[in-house]
Amino acid sequence: MVELDALIEEIPKYQPGADVDLLTRAYEFSAASHQGQQRASGEPYLSHPLEVAQLLVGFKMDVTTVIAGLLHDVLEDTRATKADLEREFGKEIADLVDGVTKLGKLAFSSREERQAENFRKMLVAMARDLRVLMIKLADRLHNMRTVHYLPDDRARKIAQETLDIYAPLAHRLGMAKVKAELEDLALRTMHADAYVDLQKRVARRRLEREADINHVIAILEKKLSEVDIESQIRGRPKHFYSIWKKMHDQGREFDEIYDLTAVRIITSSVRDCYGTLGVVHSLWKPVPGRFKDFIAMPKVNMYQSLHTTVIGPKGDPVEIQIRTWEMHRIAEEGIAAHWLYKEKKSGKDKLDESLLWLRQLMETQQDMKDPREFMDTVRVDLFPDEVYVFTPKGDVKALPEGATPIDFAFTVHTKVGEHCVGAKVNGKLVPLRYTLRQGDIVEIITSPNQHPSRDWLKIVKSTRARAKINQWLKTEERSRSIELGREMLEREAKKYRLNAAALLAGEDMRRAASDLGFPSVDDLLASVGYGKSSAQHLLNRIAPGPLVEPPERSKAAAARPKSEPQGVRIRGVEDLLVRFARCCNPLPGDPITGFITRGRGLTVHARDCLTVAKSVLDRERLINVEWDVEEPAQRPVRIAVYIGRDRPGLLSEITGAISSQNGNITKAEVTVTADRRGINHFVVEVSDLNQLQGIMSAIRDVPDVINVERVRGL
């Protein structure tokens, strides 16, 4: 276990004048709070916060962050409160610890929602202070080092979350060593046999490759010294997860992966980097398409290096990286390498630019209520493979792989994106669906009459573009819904010869909005326009007296037959037109949901209906409904009966099976092929899912029937 003395000795080396007395007090507070607690390994719980603090010292974080690391679990796992921390250690440390603490005491409807909200909280906290994330990464790294003490299923869940969220976060911050260790530990946890096998094979291959790599290094050292370029050259083994992923994703055998070991050349200046590149390419032929200049165009996580692959002296491909010492430090440590430098400097620098993704993610998450959509967005947005394109003025824009001109337009400006009508790429007109490639020069063509379309959501790749399009669509849809709600109320008022304008402007309208839980009259009108609220019901509340139907309306109502029972109950909504979706044709017993169609009421769908799945971006239109078992109604359903061999009397036996379960056939289509096989379609009225299942079971018992299926739709 790490000792406190080691921390006290190390911190002043990179932060002179650090308050080590406060660090000692934090250690004592953490030890007292976790007294008697043990980890799954059997060690005292205090060993964990001490290891987290040690990792933070390794990241060269300031003493405030190290103290918060020592205390990071006291709010979650002990009786200590945020007020206690604020009193003992000040607001800054209390806020850091609170930012790391999970939302453990709140109730969530699913594990997915809990994960989303925990991450959302951490996102907000790290946007305020990135040190929250540094503590969380140190916490996760130590937990992954000791995850083997946990039950297998729990360990695998933690490992999967590490791969989904924390390893990519480390990548976003440029912390290559942390990312690599997290991924390797996750691989060891989730695929232990594959990890051990890979470990052995890499060890054997490394011995074989070592002599070859040493030969390459010797040639390079000799040539670089001849042209007076000072350098340090070393082999760079690939970590296990990257090898496993390449084998797994690309279906390649272990022996096909040539870059198990690469060569890294570290020089003193950018000029020497390019000079070294010239020497490398003069020695060996470069592999086309394998050169990348991340010095001229750094990655968004501040990574800089020259990458090239050449055909080495033995005819094998050799991957070579070239960078300066400063670039190497940033590549290994990422944001941690900038931390102390940033403390001493004010104003904008590369660190601020590298965190633009975080601000964009913050903008996006505010409008996302669905946990699955939020987590999918996080995974896509945090760690895309990037493509670098240029504006006509030569500015570089980093976009996710597969991005389109629309994505590019929204990086230029929201208004440019909203009015994007076309694009020129490298001087040629391209459609908005065009996939941008590395080095493309993109010019956006705009029109004041162009506006975002819902179809754009199918082709954009960046979270920023998706969020801005959704925002515009929601604003526009809300405006149309308010107008439609106003028209519906005016039309309803006109039937009763009431002054709609006076009613809309009156105090009763504002009171009705408040009583019904709407922040404003516009929100209430939007609800009427969506179909979530009834214009008739609203008019009843705001009319100056009891509504008296006009004679012509009363006669028309009397002439209409009474409506059939709807068969569903809608939570919290009155007087709403209900229809059943023809696309999925739900039956009593099927899990169902309601979908509001603006001005047309509510349509009831099966929950697994594809139409509902495609409406993920219109979650506010979904409403909870349930079957009304007290008012059962016969519902039509279509079934397909597959015949193995047609014979006299077979159709009669099938219809008899349906009748035996009290099913009423309203339509039948019989098709028989030349080889006496066939398929029969029946539309049958049933009261619920159980009756349908009984009918299908009875049909399956008929000889020569090989299968029976329910067909969605009619």
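My aim in this report is to walk through the structure given alongside it, one point at a time. In this text, all values refer to a predicted model and were calculated from it rather than measured experimentally.

### Some thoughts on the sheet that holds strand S18 (residues 664-672)
Then step 1. The 4 strands lie next to each other as S18-S19-S17-S20, forming an open sheet whose pairing is antiparallel. At either end of the open sheet lies a strand with only one pairing partner, and these are S18 and strand S20 (705-711). Across the sheet, the axes of successive neighbouring strands diverge by a mean angle of 20°, strand direction being ignored.
Then step 2. The pairing of strand S17 (residues 635-643) with S20 spans 6 bridges and is antiparallel. Paired with Ala 640 across the strands is Glu 709, a residue of S20.
Then step 3. Of the strands in this sheet, S17, S18, strand S19 (678-686) and S20 touch helix H29 (residues 650-660), which is tilted by about 25° from S19.
Then step 4. Seen against the sheet, helix H30 (residues 689-700) touches S17, S19 and S20 and runs at an angle of roughly 160° to S20.

### Side note on the sheet that holds strand S9 (residues 428-430)
Then step 1. As summarised here, the arrangement of the 3 strands in space is S9-S8-S10, forming an open sheet in which the pairing is antiparallel. Each edge of the open sheet carries a strand with a single partner, namely S9 and strand S10 (442-446). Averaged over all pairs of adjacent strands, the angle between their axes in this sheet comes to 35°, without regard to strand direction.
Then step 2. Direction of pairing for strand S8 (residues 420-425) relative to S10: antiparallel, over a ladder of 5 bridges. Directly across from Ala 423, in S10, lies its bridge partner Ile 444.

### Things to note about the packing of aromatic side chains
Then step 1. A full pass over the atoms with the stated rule returns 5 aromatic pairs.
Then step 2. A centroid spacing of 5.4 Å and a plane angle of 85° characterise the contact between Tyr 195 and Phe 240, whose relative ring orientation is edge-to-face. Here the residue Tyr 195 occupies a position in helix H12 (residues 192-226), and Phe 240 occupies one in helix H13 (residues 240-250), the gap between them amounting to 45 residues. Like Tyr 195, the residue Phe 240 is buried in the burial classification.

### A word on the environment of Val 421
Then step 1. Within the secondary structure, Val 421 is located in strand S8.
Then step 2. Judged by relative accessible area, which is 41%, Val 421 ranks as partly exposed.
Then step 3. Val 421 sits 15 residues away from Ile 406 along the chain, and the two C-alpha atoms are 8.9 Å apart.
Then step 4. Apart from the residues within four sequence positions on either side, Val 421 is in contact with Leu 432, Ile 445, Thr 446, Ser 447 and Gln 450.

### A look at unusual backbone geometry
Residues other than glycine predominantly adopt negative phi, and peptide bonds predominantly adopt the trans conformation.
Then step 1. In the Ramachandran plot, Lys 60 falls in the positive-phi region, its phi being about 60° despite a non-glycine side chain.
Then step 2. Inspection of the secondary structure puts Lys 60 in the loop between helix H3 (47-58) and helix H4 (63-70).
Then step 3. Judged by relative accessible area, Lys 60 falls into the partly exposed class, the value being 38%.
Then step 4. In this structure, Asp 704 is a non-glycine residue whose phi angle is positive, near 80°.
Then step 5. Structurally, Asp 704 can be placed in the loop between H30 and S20.
Then step 6. On the basis of relative accessible area, Asp 704 is assigned to the partly exposed category, the value being 24%.

### Digging into a nonpolar patch on the surface
Then step 1. There is a patch of nonpolar side chains on the surface, built from Leu 651, Val 670 and Val 672 and spanning about 230 Å² of accessible area.
Then step 2. Note that Val 672 resides in strand S18.

### Thoughts on the pairing of strand S5 (residues 317-324)
Then step 1. The buried count for S5 comes to 7 of 8 residues, which makes it a mostly enclosed element.
Then step 2. In the sheet, strand S4 (residues 306-311) pairs with S5 via 6 bridges, with the strands oriented antiparallel. Directly across from Leu 306, in S5, lies its bridge partner Ile 322.

### Focus: H4
Then step 1. For H4, a buried count of 8 out of 8 residues is recorded, marking the element as mostly surrounded by other parts of the structure.
Then step 2. Residues of H4 that are buried in the fold lie against helix H1 (4-14), helix H2 (20-33), H3, helix H7 (91-100) and helix H9 (131-145).

### Considerations on the nonpolar core
Then step 1. Counting residues in hydrophobic clusters, the biggest one holds 70 residues, and the most contacted among them are Leu 56, Leu 71 and Leu 85.
Then step 2. Looking at which element gives the most residues to this core, the answer is helix H10 (residues 152-172), with 9 residues.
Then step 3. The contact partners of Leu 71, leaving out residues within four places of it in the chain, are Ala 26, Phe 29, Ser 30, Leu 85, Phe 89, Ile 93 and Val 97.
Then step 4. Counting residues in each nonpolar core, the second largest holds 25 residues, with Ala 409, Val 430, Leu 432 and Val 460 among its members.

### Quick notes on the side chain of Thr 78
Then step 1. For Thr 78, the position within the fold is in the loop between helix H5 (74-77) and helix H6 (82-89).
Then step 2. With a relative accessible area of 13%, Thr 78 lands in the buried category.
Then step 3. Among the polar contacts made by the side chain of Thr 78, one reaches the main-chain amide nitrogen of Ala 80 at a distance of 3.2 Å.
Then step 4. The residues touching Thr 78, leaving out its near neighbours within four places in the chain, are Ser 33, His 34, Gln 37 and Asp 73.

### Points about the packing of H2 against H4
Then step 1. Direction vectors running N to C along H2 and H4 enclose 10°, while the axes themselves pass 9 Å from each other. Regarding the angle of H2 to H4, the classification is roughly parallel. For the pair H2 and H4, the contacting residues are Leu 22, Leu 23, Ala 26, Tyr 27 and Ser 30 in the first and Val 66, Ile 67 and Leu 70 in the second.
Then step 2. A per-class count over the contact of H2 with H4 returns 7 nonpolar, 1 polar and no charged.

Here is what the cut-offs are and how they apply
Residues numbered from 1 in each chain as written. Predicted model: local features only at pLDDT ≥ 70, side-chain atom pairs only at ≥ 80, totals over all residues. Heavy atoms only, no water. Pairing = 2+ DSSP bridges. Helix = DSSP H or I, 4+ residues; strand = E, 2+ residues; numbered from the N terminus. Axes fitted to C-alpha atoms, helices over the stretch in contact; angles between N-to-C directions. Contact = heavy atoms within 4.5 Å. Phe/Tyr/Trp six-rings, centres within 6.5 Å; stacked < 30°, edge-to-face > 60°. Buried < 20%, exposed > 50% of the residue type's maximum accessible area, 1.4 Å probe, protein only. Patch = residues over 30% accessible without salt bridge, like charges linked within 9 Å, V, L, I, M, F, W, Y side chains within 5 Å. Areas by Shrake-Rupley, 256 points an atom, 1.4 Å probe, with all protein chains shown as cover. Salt bridge = Lys/Arg side-chain N within 4 Å of Asp/Glu carboxyl O. Core = buried A, V, L, I, M, F, W, Y, C linked by side-chain atoms within 4.5 Å. Polar contact = N/O pair within 3.5 Å; in protein donor to acceptor, adjacent residues only side chain to side chain. Parallel < 35°, antiparallel > 145°, perpendicular 65-115°, else oblique. Nonpolar A, V, L, I, M, F, W, Y, C, P; charged D, E, K, R; others polar.

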